[in-house]
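Observations on the three-dimensional arrangement
Here are the chains, one letter per residue:
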Amino acid sequence: MDGTLTEAVHDFPAIKKELGLPLDLDILHGISLMPEEDAKKTHEKLQEIEFKLAAIGRAAAGTMELLDALAANQCYLGILTRNNLINTLETLRAANLKSYFPDMYIISRDHALPKPNPDGIHILLDKWKASPDDAVMVGDYLFDLEAGNRAGLQTIYVDPTGEFIFREKASHCVKQLDEVLKI
């Protein structure tokens, strides 16, 4: 969601520093290594940081065009995010994207193991009664592409810079979401 459907606003190194986490670990993994009481407090602080960022969510370039086309073709649309559900819903609300995603098709870290684990993809496929050949994983980071690959899906890598540093993990690369319509 963040950096794919919406403009990227997370400064992960700054968030890690504020949470007192090592810069070489992803945030959720770093928190998982903490003693239980420290992890709980750090998750609460992370929630505050993420909620502030969610409130300023804006749709990324090409998002509305892609979602409108997919909805017009009655495609199932889901979200698999490492964020929690509260912040995910707030981001979608702020970016005017909530109407495209039924709650039952929003899978957050509250519902499944976080990406790169493919559990959330399997949950969505089960809900849709679909096979991996019927779905595509779209994302802006290595974890998105790894989750999609592990679930047997084609992957679309979104990188507005055009650098595509994770190109080898992706089936397709686009700079903005409406380019997916050409694939």
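First things first, this report covers the structure right here in the doc. Note that the structure is predicted; figures quoted are calculated from it, not measured.

The strand order across the open sheet built from three strands is β3-β4-β5, with neighbouring strands paired in parallel fashion. The open sheet is flanked by β3 (136–139) and β5 (172–174), the only strands paired with a single partner. Recorded for the sheet is a direction-independent mean angle of 20 degrees between the axes of neighbouring strands. As defined by bridge partners, β3 adjoins strand β4 (residues 154–158) across four bridges and the pair is classed as parallel.

Tracing the backbone shows Ala-69 in helix α4 (residues 63–72). Spatially, the C-alpha atom of Ala-69 lies 15 Å from that of Ala-59, the residues being ten residues apart in sequence.

Counting through the fold element by element, Glu-90 comes out in helix α5 (residues 85–94). Ignoring anything within four residues of it in the chain, the contact list for Glu-90 reads Phe-51, Ala-54 and Ala-55.

This part is about the environment of Asp-178. Secondary-structure assignment places Asp-178 in the segment after β5. Considered as a pair, Asp-178 and Thr-63 are 115 residues apart in the sequence and their alpha carbons are 6.3 Å apart. Beyond its immediate sequence surroundings of up to four residues, Asp-178 is in contact with Gly-62, Glu-65 and Leu-66. Polar side-chain contacts of Asp-178 include one of 2.8 Å to the side chain of Gln-176.

Thresholds applied
- The residue numbering used here restarts from 1 in each chain and proceeds along that chain's sequence as written.
- Only residues with pLDDT of at least 70 are given local features in this predicted model, and only at 80 or more are side-chain atom pairs given and counted; all residues enter the totals for whole chains, interfaces and linings.
- Side-chain metrics in this entry use all non-hydrogen atoms of the structure; hydrogen atoms and water are not considered.
- The pairing criterion for strands is at least two bridges between them, as found by DSSP.
- Numbering goes from the N terminus for both helices and strands, where a helix is a DSSP run of H or I of at least four residues and a strand is a run of E of at least two.
- Angles run from 0 to 180 degrees between N-to-C directions of axes, and those axes are lines fitted to C-alpha atoms, restricted for helices to the stretch in contact.
- Here, residues are in contact when the closest pair of their heavy atoms is within 4.5 Å.
- In the analysis that follows, any N or O atom pair within 3.5 Å is treated as a polar contact, provided that within protein one partner can donate a hydrogen and the other can accept it, and provided that, for residues neighboring in sequence, both atoms belong to side chains.

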